[in-house]
Amino acid sequence: MAADLKDCRLYGIVDLSYITAAEAPRIARAMIEGGIDLIQLRGKGHSVEELASLAAELHAITSQHATPLIINDHAEIARMVNVEGVHVGQDDLGVEEARRIGGRSLLIGKSTHTLGQAKAAETEGADYIGFGPLFATPTKPNYAAIGLADIAQVHREVNLPIFCIGGIKLTNLPEVIAAGARKVVIVSGLLQSKDLAATARAAKQLLSASDNRNSKI
Ligand code: TZP
Ligand code: MG
């Protein structure tokens, strides 16, 4: 499936450092109910076998709703399960290598932490980038917050779908949008909310409202 990333605004991550594998299918359903456009499975420290099995279970759900499922780190899982994409970091496989290992048409996303890395990811052929962490976050410790100052420039200079990430919550989403973000990834802000679907809907509404304002300019 070649999902149109340009229409995707809210990206959710089923992150096994916040929830158990047993909870993951329920979480994925709540994400879809809340209107999340793109879902990633991230399981740092979990085995490829365990992640592949969970990815298959999640894909049975996401594919019913045409929501792309992206696997973090492990391109080989894309050979075992029909996920739509693979996400790599700066210290992981390169974009081309991830495509080659995946062995078929896939969305390849790349984490970037500076404007220079964002430009390099475009040159490297990524389909989208994550840009952050904007704020310090326990989900990705040991990474310095990059703040909001570069968001406008990265949108001007990088011609890819850009998902701002890192410490984004409903409460700070308006300032992230005001700084120029149009697409965001929210991890703990969704996984730790009392009502994930309602939180996702509210975030989508804020992102859509900003889109509407921009299209009228
Ligand atoms: N990459 C940059 S920040 C981050 C990742 C995976 C974590 C985002 O998680 P949260 O909980 O939304 O801050
Ligand atoms: Mg990685």
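Here, the structure is the one placed above.
Residues numbered from 1 in each chain as written. Chains lettered and ligands numbered in written order. Predicted model: local features only at pLDDT ≥ 70, side-chain atom pairs only at ≥ 80, totals over all residues. Heavy atoms only, no water.

Any chance you could explain the packing of aromatic side chains here in plain terms?
In this description, a pair of aromatic rings is defined by centroid distance and the angle of the planes. Counting across every chain of the model gives three aromatic pairs. Seen from their ring centres, Tyr11 and Tyr128 are 5.7 Å apart, and the 65° between their planes marks the pair as edge-to-face. Within this pair, whereas Tyr11 is found in strand S1 (residues 10-15), its partner Tyr128 is found in strand S6 (residues 128-131), the two being separated by 117 residues in sequence. With respect to class, Tyr11 is no different from Tyr128; both count as buried. A network of ring pairs unites the aromatic residues Tyr11, Tyr128 and Phe163 as a single cluster. Lys140 extends its terminal NZ or CZ atom over the ring of Tyr143, reaching a point 4.7 Å from the ring centre. (Phe/Tyr/Trp six-rings, centres within 6.5 Å; stacked < 30°, edge-to-face > 60°. Helix = DSSP H or I, 4+ residues; strand = E, 2+ residues; numbered from the N terminus. Buried < 20%, exposed > 50% of the residue type's maximum accessible area, 1.4 Å probe, protein only. Lys NZ or Arg CZ within 6 Å of the ring centre and 35° of its normal.)

What is the right way to look at the site of ligand 1 in this model?
Every residue lining ligand 1 is accounted for by Arg42, Pro133, Thr137, Thr139, Lys140, Ile165, Gly166, Gly167, Ile186, Val187 and Ser188. Here an oxygen atom of ligand 1 and a side-chain polar atom of Thr137 are 2.5 Å apart. One of the side-chain nitrogen or oxygen atoms of Ser188 is found 2.5 Å away from an oxygen atom of ligand 1. Contact with the protein chains hides 96% of the accessible area of ligand 1, taken as 380 Å² for the molecule alone. For the shell around ligand 1, the per-class residue count stands at four nonpolar, five polar and two charged. (Near = heavy atom within 4 Å. Polar contact = N/O pair within 3.5 Å; in protein donor to acceptor, adjacent residues only side chain to side chain. Areas by Shrake-Rupley, 256 points an atom, 1.4 Å probe, with all protein chains shown as cover. Nonpolar A, V, L, I, M, F, W, Y, C, P; charged D, E, K, R; others polar.)

Would you mind going over the coordination of the magnesium ion (ligand 2) with me for this structure?
The textbook angles at a metal center are 109.5 degrees for a tetrahedron of four donors and 90 or 180 degrees for an octahedron of six. Around the magnesium ion (ligand 2), the donor atoms from the protein are Asp73 (OD) and Asp92 (OD), and they sit 1.9 to 2.1 Å away. Taken together, the residues span a long stretch of sequence, with Asp73 in the loop between strand S3 (69-72) and helix H3 (77-80) and Asp92 in the loop between strand S4 (85-88) and helix H4 (95-102) at a distance of 19 residues. We classify Asp92 as partly exposed; its relative accessible area is 34%. (Donors = N, O, S within 2.8 Å, 3.2 Å for Na, K, Ca; no water.)

Structural measurements only, silent on function.
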